[in-house]
Amino acid sequence: MTPLFTAADFFTLKPAIALCSVGCIVLFAEWAFRSRGAAAWVALFGELLTAYALWVHSADVAANGPRFALSNSMTIDGFSVFFGYIFVVSAILAIIISARYMEDEKSNRSEFYALMLFAQAGMTVMAQGYDLVTLFIGLELMALSFYVMVGFLRDELRSNEAAMKYLILGALSSGFLAYGFSILYGISGSTNLSEIADAVASRDLHDPILILAMVTTSVGLFFKISVVPFHMWAPDVYEGAPTPVTAYISVASKAASFALLMRIFLVPLVSAQEVWIPLLGGVALATMTLGNIAAITQNNLKRLLAYSSISHAGYILLGLVAGNETGLKGVSVYILVYMFMNFGVFALIAAMRRDGHAAEDIDDLGGLMGRHPGYAILMLILLLSLAGIPPTAGFYGKYFIFLGLLQAGQYFLAIVAALYVAVATYYYFRIIRAIFLSDGLEPATIAPGLGTKLALVASGVFTLVIGLYPEPFINMATNSILLALR
Amino acid sequence: MPVTTAHYLALSMALLIIGTVGVLTRRNIIVIMMSIELILNAVNINLVAFSHHLQNVNGQVFTIFVITAAAAEAAVGLGILIALFRNKETVHADEIDILRW
């Protein structure tokens, strides 16, 4: 009889095990070390362990190629390692900007960091999963941790409300996703992704039950990546959640959901490409339209960034619509640069305060140049990158996606997407104008802690470095996706 | 008339639709959560029916995980609802309107 749990299984699960066990230790950190700041340090230690486990994974992938474990329900490949690193970096950034913010909100408790690690464990499983059951469990672990984190400011009505909305819409989308999964299981008699791929390939593409499976699965996934018409939760949740959680959701949760989406669409549903490419194209078009146009009228920075992140999700989807190597390369490059630029902006918002409350309006940035020229320049770099203007990293994300679209002959989508960059530039320049040209009458104080400063500088520097010297990062992103999924 | 797999699938489809309509039209958050449970139970019926039809145990294993996730979701949801109720004495979605819906 073969053993149920082998050394290879343990090796595959190492990042998730590290995160879950350190997460449990974090819960006791405040009590054990008699210090309120201890939890964040223990959580950072957990991130180091995870990064080490991922480094061992990447060495193994480089030497032996992808491997499967736990009865083929989990995998290690370039794809899972790449996303694992994305989650580690965004969790580190989220932890270091949280300490000061949560202290100011009088909610700096150990559970918060534990939840961050548990959410990350879920994301790791989503990136590594190769079976409907593991993917679903990873998604639920991530989502449940996020519901609690969004509502973490217990005495603040906005936070409660955002958590409630996120939970209801998130649970609804999980239900749809699970329904789609159940039909995929019914079609193939297996929950393993490659066996489902074989079963789907042998079916007629216009088989109603296959269409039903595809539609319900897509609805669930579209909710998670917040694209039109399932984007309604994003602005409310982004505005109501504590700012570090907003940053974490907008980057890590979105990256994990894209990892899941790519696994589903590029492994089991790959033979149905001619059905889902027009679907994704239409959704991406609607998403870019609504995201960019709704962002114009927003005055709350977090809400504006929510709409901007909706439109970014539309751009990332276009990489999948292109469906060729350049497009997929664009997806991973985009996710990488999006992490740095978005985290930088949220780190600055987390540091803004007025009369003891978090300040989140565009006007609160008024006259930043006069008072903190350093932060003003950093914001300029990050906002130019979000808009996709050349010397910064954001340009390369969009560049590969547009190139992929042109190579695939999707000229219409490429032109529309390029035009929307102009609209996006308009609302990012509203923020830039507030920073450089207007003097706020009563400026908000910017009081970043050491961690926030580090996060700001790191994201600004990476945004510039990737923009000026992109080759190593692009190679890394390329290897992750192409080698894994082809 | 024997009950076939198709009957179970029709039942689960009906539950999915009832649940979705419930989430979208009901205003009481408790009822909305019950509707979400209906959707997840539609998934369970589907999985068990397919599992029986295919004579394959994977679907039943998946069901156990779905039930667990549904229970966890209900627990977190009620916890958040209690936190919300402490700050604002209501469980009606229409009155929860600081953030534009």
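Scroll up for the structure.
Just so it is clear, the model here is predicted, and its values are computed rather than measured. The residue numbering used here restarts from 1 in each chain and proceeds along that chain's sequence as written. Chain letters start at A and ligand numbers start at 1, both assigned in the order the entries are written. Confidence filtering applies because this is a predicted model: local features only for residues at pLDDT of at least 70, side-chain atom pairs given and counted only at 80 or more, and all residues used for totals across whole chains, interfaces and linings. Note that water and hydrogens are dropped before the side-chain values are worked out from all heavy atoms of the structure.

Caption draft 1: Here's a closer look at the overall build of chain A. Each helix is a run of DSSP H or I of at least 4 residues and each strand a run of E of at least 2, with the numbering of both proceeding from the N terminus. For chain A, the count of helices and strands is 19 helices and five strands. By the compact-globule yardstick of 23 Å for 486 residues, chain A fits well, its C-alpha radius of gyration being 21 Å. Split into buried and exposed, the 486 residues of chain A put 67% on the buried side. The contact rule is simple, with two residues in contact once any of their heavy atoms fall within 4.5 Å. In chain A, the proportion of contacts linking residues at least 24 apart, taken out of those at least 6 apart, comes to 80%. Each accessible area is a Shrake-Rupley result for a 1.4 Å probe, and residues are judged covered by the shown protein chains and nothing else. For chain A, the accessible surface area stands at approximately 16,100 Å², while carbon and sulfur atoms represent 67% of it. Here the positive residues are Lys and Arg and the negative ones are Asp and Glu; neither His nor the chain ends is included. Working definition for charges: the position is that of NZ of Lys, CZ of Arg, CG of Asp or CD of Glu. Between the mean site of the 25 positive side-chain charges and the mean site of the 30 negative ones, chain A shows a separation of 5 Å. It is over C-alpha atoms that the radius of gyration is taken, and the globule rule equals 2.2 Å times the number of residues to the power 0.38. The rule is simple: take the accessible area with a 1.4 Å probe, protein chains only, and divide by the maximum for that residue type; under 20% is buried, over 50% is exposed, in between is partly exposed.

Caption draft 2: Structural detail: the sheet that holds strand E5 (residues 445-446) of chain A. Residue and element names in this part refer to chain A. In space, the three strands of this open sheet follow the order E4-E3-E5, with antiparallel pairing throughout. Edge strands, defined here as strands with exactly one partner in the open sheet, are strand E4 (357-358) and E5. Here, a strand pair is defined by DSSP locating no fewer than two bridges between the strands. As paired strands, strand E3 (residues 352-354) and E4 are joined by two bridges and run antiparallel to one another. Across the sheet, arginine 353 pairs through a bridge with alanine 358, a residue of E4. On top of the sheet, helix H13 (residues 325-351) reaches E3 and E5; it is set at about 25° to E3, its chief contact. Fitted lines through C-alpha atoms serve as axes, helices being fitted only where they are in contact, and the angles separating the N-to-C directions of these axes extend from 0 to 180 degrees.

Caption draft 3: Up close: the environment of alanine 256 of chain A. For alanine 256 of chain A, the position within the fold is in helix H10 (residues 243-266). Here the alpha-carbon distance between alanine 256 of chain A and serine 226 of chain A, two residues 30 residues apart in the chain, equals 12 Å.

Caption draft 4: Spotlight on the interface of chain B and chain A. Of the residues lining the interface, 42 residues belong to chain B; the matching set on chain A comes to 42 residues. Note on chain B versus chain A: buried area summed over both sides is about 3,800 Å², and carbon and sulfur give 77% of it. By convention in these notes, a salt bridge is any Lys or Arg side-chain nitrogen within 4 Å of a carboxyl oxygen on Asp or Glu. Across the contact surface, chain B and chain A share zero salt bridges. Side-chain atoms alone can form a polar contact between residues adjacent in sequence; in general such a contact is a pair of N or O atoms within 3.5 Å, and within protein one must be able to donate a hydrogen while the other accepts it. Counting across the chain B and chain A interface gives seven residue pairs in polar contact (both at pLDDT 80 or more). Counting residues per element, the ones that place at least two in the side of chain B that touches chain A are helix H1 (5-25), helix H2 (29-54) and helix H3 (58-87) of chain B. With 15 residues, the top contributor of residues to the side of chain B that touches chain A is H3 of chain B. We call Asp, Glu, Lys and Arg charged. Ala, Val, Leu, Ile, Met, Phe, Trp, Tyr, Cys and Pro are nonpolar, and the rest, Gly among them, are polar. Its residues assigned to classes, the side of chain B that touches chain A comprises 29 nonpolar, nine polar and four charged. Summed over both partners, the accessible area (1.4 Å probe) lost when two parts come together is defined as the buried area.

Caption draft 5: Representation of the packing of aromatic side chains. Residues and elements named next belong to chain A. Each Phe, Tyr or Trp ring, with Trp reduced to its six-membered ring, pairs with another whose centre is within 6.5 Å; inter-plane angles below 30 degrees give stacked pairs, above 60 give edge-to-face pairs, and intermediate values give tilted ones. Enumeration over the complete set of coordinates arrives at 22 aromatic pairs over all chains. Through successive ring pairs, a cluster of aromatic residues spans Phe79, Phe82, Phe83 and Phe87. Lysine and arginine charges are scored as sitting over a ring when NZ or CZ, respectively, is within 6 Å of the ring centre and within 35 degrees of the ring normal. When the ring centre of tyrosine 101 is taken as reference, the NZ or CZ atom of arginine 353 above it lies at 6.0 Å. One Lys or Arg, lysine 398, reaches over the ring of tyrosine 315 and ends 4.8 Å from the middle of that ring.

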